[in-house]
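Observations on the model geometry
Next come the chains, spelled out residue by residue.
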Amino acid sequence: MEKFTGKIWVLGDDIDTDIIIPTEYLALKTVQDMAPYAFSPLRQELAGQIKKGDIIVAGKNFGCGSSREQAPEIIKALGIQCVIAKSFARIFFRNAINNGLLLIENQELHDAVQEGDEITVTVNKAIEHNGNLYKITSLPQNLVDIINAGGLVPAMRRLNGLN
């Protein structure tokens, strides 16, 4: 995952894990069973509209709330390539990396885009939107390796020759 383009969905500030996946759906058997209910307290129809390869652009403090691992797993199950936000809750950030979901912090993009716009992300370099470039901070190579492997467990299996 070096460079990719996707349609964006714009969300606001303080999108907590209860919005990403409400507690009552955690009893369902699989992440795929839970995915249709993602973001339902915010926008009932959103999970059904997201397509593989789409990107979420959000405000500050994305993923705040409880530390449930299902939140990044469900975002990934919806086919989201990455989440770009002004900031992320620390535990959500780590859970996302461990589950192979790319997160990018950027302060400016959220205020410059509209839902449905397309953006191009060059990992560890920049985001392009309507001819404008937004620089992004590089992730350390070990985190990029975890994301590219699909999460921490597959990365460690690969590293230890267990695949």
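Residues numbered from 1 in each chain as written. Predicted model: local features only at pLDDT ≥ 70, side-chain atom pairs only at ≥ 80, totals over all residues. Heavy atoms only, no water.

Focus on the pattern of salt bridges
Counted according to the given criterion, the structure contains five salt bridges. Two residues, Asp111 and Lys86, come together in a salt bridge whose shortest N-O distance is 3.0 Å. Of this pair, Asp111 sits in helix H6 (residues 109-112) while Lys86 sits in the loop between strand S3 (82-85) and helix H5 (90-98); the two residues are 25 residues apart in sequence, bridging distant segments of the chain. Linked by salt bridges that have partners in common, Arg43, Glu45 and Glu115 make up one network. (Salt bridge = Lys/Arg side-chain N within 4 Å of Asp/Glu carboxyl O. Helix = DSSP H or I, 4+ residues; strand = E, 2+ residues; numbered from the N terminus.)

Comments concerning the environment of Glu108
Along the chain, the position of Glu108 falls in the loop between strand S4 (102-105) and H6. In this structure Glu108 comes out as partly exposed when scored by relative accessible area, which is 46%. Between the alpha carbons of Glu108 and Lys135 there is a distance of 9.6 Å; along the sequence they are 27 residues apart. (Buried < 20%, exposed > 50% of the residue type's maximum accessible area, 1.4 Å probe, protein only.)

Describing the sheet that holds strand S5 (residues 118-122)
If you walk across this open sheet you meet the seven strands as S4-S3-S2-S1-S5-S6-S7, and the pairing is mixed. Edge positions in the sheet fall to S4 and strand S7 (132-135), since each has one partner strand and no second. Taking each pair of neighbouring strands and ignoring which way they run, the sheet shows an average axis angle of 30°. Where strand S6 (residues 126-129) and S7 come together, four bridges link them in antiparallel fashion. Bridge pairing links His129 to Asn132 in S7. (Pairing = 2+ DSSP bridges. Axes fitted to C-alpha atoms, helices over the stretch in contact; angles between N-to-C directions.)

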